Amino acid sequence: MFMVAGPDESAQLRLAHEPFVQPGYADLNPSYEQPTNAKPVWSLAKPLPRVVRPGMVPTKEELLQRRAKAQRPLEHSQRLGLDVDPNELEKGRIRTSVDPRKIAAQVEDARVQRETNLMNKVLSGDTSSFGGASRMLSPSSGRIKRASTWAVPQGQLSTVEESEPRTEIDDQDTPQHPNDDPLASPPSERDPLLGDEANESVHIPLFDEKACPDDLDPLVQDLVVEEVHNNHTTWSVIRTNHREALAESLAVFVQLTIGFCADLAVTLANAGNPNTTAWAWGLATMMAIHVSGGVSGAHLNPAITVVLWFYRGFPNRKLPSYFAAQFIGAFFAALVAYGIYYPSIQYYLSINGDRDISNSFITGPQALWVHPIAAFFNEFVGAAILAITILALGDDQNAPSGAGMNSFVVGLVITCLGLTFSYQTGGALSPSRDFGPRLALLALGYGRRLFADSYWIYGPWVGAISGAFTGAFLYDFMVFTGGESPVNYPVERTQRAVRKSRIRWARRLHIGRG
């Protein structure tokens, strides 16, 4: 491909970045050599994970319904007189037509066939040929495991032909195509419970109805390799259970402490260049992503966390801990920045009694002529552009940055947004970045006037969150093709996800039990 983003990283370059590992280290620290994709991390430092969401996987009830009323692979297409190949449909090669009904019929046939193929593999226990997903599911897909030997015997080094360089990574990156075979049912696996016509049209393997769980989605999720932890101390056990929240809070603390200190430096200098703060915020964001990008993902922003939950399958059970971490990190960042600059703040206020330093911590209309509508859309558009860029950088089928470059690019994005949207409101683009320091200033005695202007609600909260949702919708609607996005969800998947959610909550609340 002729890409402005540059060529893909080669296997030799990846190997050159591998550090030296002393023999025996992995024996004492087993987590070091576990796969790098042992679990999905919705990180701003690398492409976002590809996950199977609950609405994608049929339930046991739906499988039984399909067995009772089997559907031919091309039922909807043939009903409209279309002559199409089921293998072509499954690969997404759908014929365009001026009649949207014909396109919808082919899409429905393709979706049913894909779900059937996935369930065939899950029910039969075949997890070795999941195609591109095998990079996440296979334990061999991560760090290349080295033999724990103390010396390499001379004369036993393998050689590689120069004409065809091959490495273990090359073999792992070779895509597999398990669905190239014709969509036919083997004669030995015909289901006697179905009629001859159904057996010729669709194949669902035999399974034990009593042993099969009501929801097959956990079977797919269990394919992800379990993490291995070192846990050398008592605290390490506690840290392991709360590592993501702790890392997220620390990253927010680093980012906002630097940002608040930069804002204070410009404010207290009286002659500082306000553009300096935009660069400081961008570099602080880059540092924060490096702090926790591989652990919590370094969302740094509740609006980004909510977007990743809704559009990319970030687990909803983690939302409370991430929100708490982000607001706590922002609260203590404001306290630390205020404490560092306390002497300068007091001197500044002593000679500028009519001035206020709260704008170095919180955001809001910077002048009387900034109307609330303008302030709202300032936050709305800024957060929308931020969400679009974040999802684009996380899309591995678009033009993701090279290894370690995502944090730098996101930092430049924050710098650009600061230069663009901070003049009128300060450019919060995040609820925690504004609300955390408001609580800190309230604790320092600045009074309830911090909440007198309703901007703190309609700006960083309503404006930023709604803008991020809108930006994510625009990206998925115009660019993203993954089925995990609700934009690409058919109505049946949405209804299925709602039913599964109701069942889970009914079990948790013990509703419907005798």
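The chain has the name MIP transporter in an unreviewed UniProt entry, where Petromyces alliaceus is given as its organism. The UniProt entry for the chain carries the following comment under Subcellular location (unreviewed entry): "Membrane". Under the UniProt heading Sequence similarities (unreviewed entry), the entry covering the chain gives this text: "Belongs to the MIP/aquaporin (TC 1.A.8) family."

### Remarks on the overall build of the chain
Helix and strand content of the chain: 21 helices and 0 strands. Counting across all 514 residues of the chain, residues that qualify as buried make up 43%. A fraction of 78% describes how many contacts in the chain between residues 6 or more apart in sequence connect residues 24 or more apart. For the chain, the computed accessible surface area is about 28,300 Å², with 59% contributed by carbon and sulfur atoms.

### Structural notes on the UniProt feature "transmembrane region" (unreviewed entry) in the chain
Under the local residue numbering, the UniProt record ascribes the feature "transmembrane region" (unreviewed entry) to residues 278–311, 323–349, 369–393, 405–423 and 455–475. Between the first and last C-alpha atoms of residues 455–475 the distance is 28 Å; the span itself is 100% helix and 0% strand.

### Details of a nonpolar patch on the surface
Taken together, Trp 279, Met 405, Phe 408, Leu 412 and Leu 419 make up a surface patch of nonpolar side chains, about 460 Å² in accessible area. A total of 3 residues in the nonpolar patch trace back to one element, the largest contributor, which is helix H18 (residues 406–425). Structurally, the position occupied by Phe 408 is in helix H18. With relative accessibility at 36%, the residue Phe 408 sits in the partly exposed group.

### What to know about the pattern of salt bridges
Counted under the stated rule, the structure contains 10 salt bridges. Across the pair Glu 227 and Lys 39 runs a salt bridge, and its minimum N-O distance is 3.6 Å. Pair noted here: Glu 227 is in the loop between helix H10 (217–221) and helix H11 (234–241) and Lys 39 is in the loop between helix H2 (25–28) and helix H3 (60–68), with a separation of 188 residues, a long-range link. Between Arg 50 and Glu 484 there is a salt bridge, and its shortest N-O distance comes to 3.8 Å. Here Arg 50 is found in the loop between H2 and H3, whereas its partner Glu 484 is found in the loop between helix H20 (455–478) and helix H21 (491–508), with 434 residues between them in sequence.

### Side note on the packing of helix H14 (residues 302–312) against helix H15 (residues 319–340)
Pairs of packed helices are described in terms of their axes, by the angle between the two and the distance that separates them. One way to put it is that H14 packs onto H15 with a least axis distance of 10 Å and a crossing angle of 165°. Our classification of the angle between H14 and H15 gives roughly antiparallel. Crossing angle aside, the handedness with which H14 passes H15 is right-handed. Where H14 abuts H15, its residues Pro 302, Thr 305, Val 306 and Trp 309 lie against Leu 319, Tyr 322, Phe 323, Gln 326 and Phe 327. Here the residues of the contact of H14 with H15 sort into 7 nonpolar, 2 polar and no charged.

### Some words on the environment of Glu 61
Position of Glu 61 among the secondary structure elements: in helix H3. Take Glu 61: its relative accessible area is 53%, and that puts it in the exposed class. Spatially, the C-alpha atoms of Glu 61 and Asp 214 are 7.0 Å apart, while their sequence positions differ by 153 residues.

### A look at the packing of helix H19 (residues 431–443) against H20
For the pair H19 and H20, interaxial distance at closest approach is 9 Å and the crossing angle is 155°. Here H20 runs roughly antiparallel to H19, going by the angle between their axes. Where H19 crosses over H20, the handedness of that crossing is left-handed. In this structure, H19 uses Pro 431, Asp 434, Phe 435 and Arg 438 to contact H20, whose residues at the interface are Tyr 455, Trp 456, Pro 460, Trp 461 and Ile 465.

### What to know about the side chain of Thr 415
The topology assignment puts Thr 415 in helix H18. Those residues in contact with Thr 415 that sit more than four places away from it in its chain are Ala 278, Trp 279 and Gly 282.

### Re unusual backbone geometry
Phi at Ala 298 takes a positive value of approximately 55°, unusual for a residue other than glycine. Inspection of the secondary structure puts Ala 298 in the loop between helix H13 (275–292) and H14. Note on Ala 298: relative accessible area 0%, which makes it buried. With a phi close to 60°, Leu 429 is a non-glycine residue in the positive phi region. Relative to the assigned elements, Leu 429 resides in the loop between H18 and H19.

### Some words on H15
The end-to-end C-alpha separation of H15 is 32 Å, in line with the 32 Å expected for 22 residues at 1.5 Å each. The complete set of buried residues in H15 reads Leu 319, Tyr 322, Ala 325, Gln 326, Phe 327, Gly 329, Ala 330, Ala 333, Ala 334, Ala 337 and Tyr 338. On its buried side, H15 packs onto helix H12 (243–269), H14, helix H16 (342–351), H19 and H20.

### Observations regarding the packing of aromatic side chains
Enumeration according to the criterion identifies 24 aromatic pairs in this entry. Ring centres of Phe 331 and Phe 332 lie 5.3 Å apart, and the angle between their planes is 90°; on these two criteria the pair is classed as edge-to-face. When its relative accessible area of 21% is taken as the criterion, Phe 331 is described as partly exposed. On the basis of relative accessible area, Phe 332 is assigned to the partly exposed category, the value being 44%. An angle of 25° between the planes, with centres 5.8 Å apart, marks the rings of Phe 435 and Trp 456 as stacked.

### Describing the nonpolar core
Ranked by size, the top nonpolar core spans 56 residues in total, and within it Phe 260, Leu 308, Ile 357 and Phe 361 carry the most contacts. The next biggest cluster of nonpolar side chains, apart from the first, holds 10 residues, and it includes Met 56, Val 57, Leu 118 and Val 220.

### Topic: the side chain of Thr 285
Tracing the chain through its elements places Thr 285 in helix H13. Polar side-chain contacts of Thr 285 include one of 2.8 Å to the backbone oxygen of Trp 281. Setting aside chain neighbours within four positions, we find Thr 285 in contact with Gln 255, Leu 300, Val 410, Gly 411 and Ile 414.

Rules of the game
Residues numbered from 1 in each chain as written. Predicted model: local features only at pLDDT ≥ 70, side-chain atom pairs only at ≥ 80, totals over all residues. Heavy atoms only, no water. UniProt positions renumbered as here; feature names shortened; annotations may be inferred. Helix = DSSP H or I, 4+ residues; strand = E, 2+ residues; numbered from the N terminus. Buried < 20%, exposed > 50% of the residue type's maximum accessible area, 1.4 Å probe, protein only. Contact = heavy atoms within 4.5 Å. Areas by Shrake-Rupley, 256 points an atom, 1.4 Å probe, with all protein chains shown as cover. Patch = residues over 30% accessible without salt bridge, like charges linked within 9 Å, V, L, I, M, F, W, Y side chains within 5 Å. Salt bridge = Lys/Arg side-chain N within 4 Å of Asp/Glu carboxyl O. Axes fitted to C-alpha atoms, helices over the stretch in contact; angles between N-to-C directions. Parallel < 35°, antiparallel > 145°, perpendicular 65-115°, else oblique. Left-handed = near helix turned anticlockwise from the far one by under 90°. Nonpolar A, V, L, I, M, F, W, Y, C, P; charged D, E, K, R; others polar. Expected span 1.5 Å × (residues − 1). Phe/Tyr/Trp six-rings, centres within 6.5 Å; stacked < 30°, edge-to-face > 60°. Core = buried A, V, L, I, M, F, W, Y, C linked by side-chain atoms within 4.5 Å. Polar contact = N/O pair within 3.5 Å; in protein donor to acceptor, adjacent residues only side chain to side chain.

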